[in-house]
Amino acid sequence: MKLFVGIDVSSKNLDVCFLDSEDTRLKEETLSNDLHGANQIKETILTYNGQFHYEKIIVGMESTSVYSFHPSTLLDNDKDLQRIGVEVVVQNPKAIHRFKGLFEEDKTDRIDAFRIADFLRFGRYNKTVIKEEKYVALQRLTRSRYQVIQQLTECKQHFLENLYYKCNTLSNDVDTSIFGAAMMELFADSLSLDDVANMELEELALFLQGKGKGRFRDPEKLAKNIKKAIRDSYRLGKVVQHSVDMVLATYARLVQTLKKQIKELDKGIEALFEILPEAQCLISVPGIGPVYAAGIIAEIGQIERFETQAQLAKYAGLYWKRSQSGDFESERTPRVKTGNQYLRYYLVEAANSVKRNEPVYHEFYLKKYKEVPKYKHKRALVMTARKLVRLVDVLLRNHQLYTSERSV
């Protein structure tokens, strides 16, 4: 006989259902989502096992953001539960939701806990390995970096939108990054167009060279181009100009701050990443540095969590559904919209870097790029990321360094 423990997790409560392989509900209860509640689940499992001596005990719950982390980790790491072979699995909520949809019943936390246990009883769940602490620690940093990158992108978009109000020809006439240190300082100081236009050429050139820390080859030419852009641009009324200047200064400071935070996160990621045994495996690939490698490893955790590279690709959302019926085989195979968005992001970004450094991946990218008339780059890059999954799986599973491939 087997025991299945379904746990519906929320921020405050743990709704638990104890179900045996004969579909008998042994116990249903609501506990607090804290150390005391999780320990009560443990004691109940030990009690039932002492009575019935189960051949297998499986504890399952949905992956509900941060709420399922503590109970799943505590139960998985408990020495008493390990001694009797308790398996703890964390399932994709969508799989549980589809299973629940087979039944016409109310939606309550207790019913959800029972259906999770029932789902486990059917044996169609994915076996999972709870991540070790070092991977969770690294994941906190890499996911935070991803989120800050999204904020930076949004800030830059708002900055450019307001910049067009102030000087609509600047991005066309100026041959340098609008988001460089010098240009950011120019707008962070809330200078009006008239202020910049009235500055002497030498004064503006010195200002740019100082803020750019001497990186400009020809600061006078840049100063001339800025002045030309100001002359050619539309003029705003004083009221609107004052508002736009304030907005630009705000976003300029935000961009500068977020860039600094990304650098700090990168330092933390690299420091933690160095202690992982898998570190050298991925950074041996040309184009994959510590940040991308850390992002990939943090989301994968122990590679043993996945039986094959196909499972790893599916987990990342780099998977295309096959559609076949009788003699018909559809040529349209859309990519699934599920999967780990963070892992997919780091794989795609890494693939974009690898294709610039490794000829085999560059050739593969170009091959896929030429196959379709629309969305060429996006499709080719995702396909290249899928190819990269196979390499990542081999390197991590075999603990080996990368050696260049000879052909696509």
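Everything below is about the structure printed above this text.
Residues numbered from 1 in each chain as written. Predicted model: local features only at pLDDT ≥ 70, side-chain atom pairs only at ≥ 80, totals over all residues. Heavy atoms only, no water.

**Things to note about the overall build of the protein**
A tally of regular secondary structure across the protein gives 18 helices and 7 strands. The proportion of buried residues among the 408 residues of the protein is 46%. Counting contacts in the protein only where the partners sit at least 6 residues apart, residues at least 24 apart contribute 66% of the total. Split by element, the accessible area of the protein, about 22500 Å² in all, is 49% carbon and sulfur. (Helix = DSSP H or I, 4+ residues; strand = E, 2+ residues; numbered from the N terminus. Buried < 20%, exposed > 50% of the residue type's maximum accessible area, 1.4 Å probe, protein only. Contact = heavy atoms within 4.5 Å. Areas by Shrake-Rupley, 256 points an atom, 1.4 Å probe, with all protein chains shown as cover.)

**Notes on the pairing of strand S1 (residues 2-9)**
Of all 8 residues in S1, 7 are buried, a share of seventy percent or more. Here 6 bridges tie S1 to strand S4 (residues 56-62), and the two strands are oriented parallel to one another. Bridged to Val5 within S4 is Val59. In the sheet, S1 pairs with strand S2 (residues 13-20) via 7 bridges, with the strands oriented antiparallel. Paired with Val5 across the bridge in S2 is Phe18. The turn joining S1 and S2, which pair antiparallel and follow one another in sequence, is formed by 3 residues. (Pairing = 2+ DSSP bridges.)

**Remarks on the sheet that holds S4**
In spatial order, the strands read S3-S2-S1-S4-S5; together these 5 strands make up an open sheet with mixed pairing. What marks the edges here is a single partner per strand, and that holds for strand S3 (25-32) and strand S5 (87-91). The mean inter-strand angle of the sheet, taken between neighbouring strand axes irrespective of direction, is 20°. Across the face of the sheet, helix H1 (residues 35-52) comes into contact with S1, S2, S3 and S4 while running at roughly 160° to S3. (Axes fitted to C-alpha atoms, helices over the stretch in contact; angles between N-to-C directions.)

**Quick word on the packing of helix H14 (residues 290-300) against helix H16 (residues 341-357)**
Following both chains from N to C, one finds H14 and H16 inclined at 150°, their axes separated by 9 Å at the closest point. In terms of orientation, H14 and H16 fall into the roughly antiparallel class. At the point where H14 passes H16, the crossing takes the left-handed sense. Contact residues: Val291, Tyr292, Gly295, Ile296, Glu299 and Ile300 in H14; Tyr342, Leu343, Tyr346, Leu347, Glu349, Ala350 and Ser353 in H16. In terms of residue class, the contact of H14 with H16 is built from 9 nonpolar, 2 polar and 2 charged. (Parallel < 35°, antiparallel > 145°, perpendicular 65-115°, else oblique. Left-handed = near helix turned anticlockwise from the far one by under 90°. Nonpolar A, V, L, I, M, F, W, Y, C, P; charged D, E, K, R; others polar.)

**Comments concerning the nonpolar core**
Counting 53 residues, the largest nonpolar core has Ile296, Ile300, Leu347 and Leu388 as the members making the most contacts within it. Elements with a contribution of two residues or more to this core: helix H6 (133-166), helix H12 (238-273), helix H13 (279-283), H14, helix H15 (309-316), H16, helix H17 (359-369) and helix H18 (376-398). If near-sequence neighbours (up to four positions away) are discounted, Ile296 is found in contact with Leu282, Leu343, Tyr346, Leu347, Ala350 and Val392. Residues Leu3, Tyr48, Met61 and Val86 belong to the second largest nonpolar core, which totals 20 residues. (Core = buried A, V, L, I, M, F, W, Y, C linked by side-chain atoms within 4.5 Å.)

**Structural notes on the packing of aromatic side chains**
Following the criterion strictly, the structure yields 11 aromatic pairs and no others. Each ring, one from Phe18 and one from Tyr48, has its centre 5.8 Å from the other, and the planes form 55°; the classification is tilted. Linking Phe18 in strand S2 with Tyr48 in helix H1, this pair joins segments that are 30 residues apart in sequence. Accessibility assignment for this pair places Phe18 and Tyr48 in one class, buried. Taken together, the ring pairs in this structure connect Phe18, Tyr48, Phe52 and Tyr54 into an aromatic cluster. The ring of Tyr315 has Arg305 lying over it, and the distance from NZ or CZ to the ring centre is 5.6 Å. Sitting over the face of the ring of Tyr365, Lys355 holds its NZ or CZ atom 4.5 Å from the ring centroid. (Phe/Tyr/Trp six-rings, centres within 6.5 Å; stacked < 30°, edge-to-face > 60°. Lys NZ or Arg CZ within 6 Å of the ring centre and 35° of its normal.)

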